[in-house]
Amino acid sequence: MTARNFSFEFSAPKSADASEKLFKTHDRLKRFDPEFFSVTYGAGGSTRDGTRDAVLKLNSLGSNVAPHLSFGGESPEKIEQLLLDYQCTGINRVVALRGDIPSGNMNTMTYANELVTFIRAKTGNHFHIEVAAYPEVHPESTSVESDLHFFKKKVDAGADSAITQYFYNADAYFRYLDACSKTGITIPIVPGVMPITNYHGIVRFSKICGAEIPRWILQYLESYQNDPESLRKFGLEVVSDMCARLLTGGAPGLHFYTLNQSLPTIRIWQNLGLD
Ligand code: FAD
């Protein structure tokens, strides 16, 4: 199995302890030499400084790093300044998003295609722009067609590649690739991989972000919910098998949602024989 574009995502730290954990995790994962690490941007820009500080430090440690970015409630001038700060320090990849909607703040969201257009207008072709894609359809989309239509708008605005929302059904991903190709979308679409380590966390978050946990997986997770070791073992097998299938089927790489933990990603990596 040949290695392709692998990347590791960190959640932006919100405290000194969380920051320390992120850098420890980075220390353990950097030997896998990923294409890049990315750092999330909290809903509405709530982690703007935390994201920027983590990104600049990872960059100074010699890793390729891609900040996530969304307009949130910020002025265009502030977002432009952030982009220029990144550009000056040699960062050349960003993940452009609409972002999650902070509670009670529906009015200030700017769609991701507008951010892609903004980045291209302000910084030309400096950045490789990643955008989000949804093999199981974004939860706010009214139809498959509208989801694809708005995905294509991001590509037409200048996105270079995409990372998917996580899923546990490889068929959804392959069908999505077919649908994208028929819509004229030809950029690489890298599957996002969420390791399964915790019953309540994965069930709650999957409901929010519209990721389906297939019934049979859910049944096993339920039966292991008070047996963390069996749950982790089962989750590792299921996710590793799916990743192997994705790579064999032609996925251009994998993007791991690490949640700032190294072990679940390392175990999947080893199961795939990528070590
Ligand atoms: P968009 O592409 O703007 O789409 C949002 C919805 O609006 C979709 O239903 C789309 O079909 C529709 N739409 C798009 N354009 C238009 C338009 N012009 N008119 C009408 N409808 C439109 N969230 C964070 O807050 N911080 C992060 O760091 C973060 N990182 C992520 C990383 C990845 C790889 C992924 C997959 C998601 C991430 N998210 C993050 C979550 C993401 O912000 C949410 O899924 C959000 O709801 C949508 O973001 P988007 O960029 O896909 O939005």
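Here's what I pulled together on the structure shown here. A quick note: this is a predicted structure, and the numbers were derived from the prediction, not measured.

What counts and how
- Residues numbered from 1 in each chain as written.
- Predicted model: local features only at pLDDT ≥ 70, side-chain atom pairs only at ≥ 80, totals over all residues.
- Heavy atoms only, no water.
- Near = heavy atom within 4 Å.
- Polar contact = N/O pair within 3.5 Å; in protein donor to acceptor, adjacent residues only side chain to side chain.
- Areas by Shrake-Rupley, 256 points an atom, 1.4 Å probe, with all protein chains shown as cover.
- Helix = DSSP H or I, 4+ residues; strand = E, 2+ residues; numbered from the N terminus.
- Salt bridge = Lys/Arg side-chain N within 4 Å of Asp/Glu carboxyl O.
- Buried < 20%, exposed > 50% of the residue type's maximum accessible area, 1.4 Å probe, protein only.
- Axes fitted to C-alpha atoms, helices over the stretch in contact; angles between N-to-C directions.
- Parallel < 35°, antiparallel > 145°, perpendicular 65-115°, else oblique.
- Left-handed = near helix turned anticlockwise from the far one by under 90°.
- Contact = heavy atoms within 4.5 Å.
- Pairing = 2+ DSSP bridges.
- Right-handed = clockwise from strand over helix to strand, strands pointing away.

1. Topic: the site of the ligand
Taken together, 23 residues lie around the ligand, and Tyr41, Arg98, Asp100, Tyr134 and Lys154 are the ones closest in. Between the ligand and the protein, one listed contact pairs an oxygen atom with a backbone N or O atom of glycine 99 at 3.2 Å. Within the side chain of tyrosine 111, a nitrogen or oxygen atom sits 3.5 Å from a nitrogen atom of the ligand. Burial of the ligand by the protein amounts to 88% of the accessible area it has alone, namely 970 Å². For the shell around the ligand, the elements supplying multiple residues, two or more each, are helix H4 (112–123), helix H5 (144–157) and strand S6 (161–164).

2. A short note on the pattern of salt bridges
According to the stated counting rule, one finds 15 salt bridges in the structure shown. Notably, a salt bridge pairs arginine 31 with aspartate 275, separated by 3.5 Å at the nearest N-O pair. Here the residue arginine 31 occupies a position in the loop between helix H1 (16–29) and strand S2 (36–39), and aspartate 275 occupies one in the segment after helix H10 (263–271), the gap between them amounting to 244 residues. Under the relative-accessibility criterion, arginine 31 is labelled exposed at 55%. Taking the shortest distance from any N to any O, the salt bridge between glutamate 140 and arginine 98 comes out at 2.7 Å. Placement of glutamate 140 in the loop between strand S5 (128–133) and H5 and of arginine 98 in the loop between strand S4 (93–96) and H4 is noted, with a sequence separation of 42 residues between them.

3. Some remarks on the packing of helix H3 (residues 76–88) against H4
Taken N-terminus to C-terminus, the directions of H3 and H4 make an angle of 60°; their axes are 11 Å apart at the nearest point. Here H3 lies oblique to H4, going by the angle between them. Handedness of the H3/H4 crossing: right-handed. Mapping the contact onto sequence places Pro76, Ile79, Glu80, Leu83, Leu84 and Gln87 in H3 and Leu115, Phe118, Ile119, Lys122 and Thr123 in H4.

4. Considerations on H10
Turning to H10, its buried residues are Pro264, Thr265, Ile266, Ile268 and Trp269. Turning to H10, the residues buried within the fold contact strand S1 (5–10), H1, helix H9 (228–248) and strand S9 (253–257). Residue glycine 273 follows H10 closely and has a positive phi angle near 75°.

5. Regarding the pairing of S4
With burial as the criterion, each face of S4 is covered, one bearing Arg93 and Val95 and the other bearing Val94 and Ala96. Relative to S4, strand S3 (residues 65–69) is paired through two bridges, and the arrangement is parallel. Residue pairing across strands places leucine 69 opposite alanine 96, the latter belonging to S4. Between the parallel elements S3 and S4, the chain passes through H3 in a crossover that is right-handed. In terms of strand pairing, S4 meets S5 through four bridges, oriented parallel. What sits directly across from valine 95, in S5, is glutamate 130.

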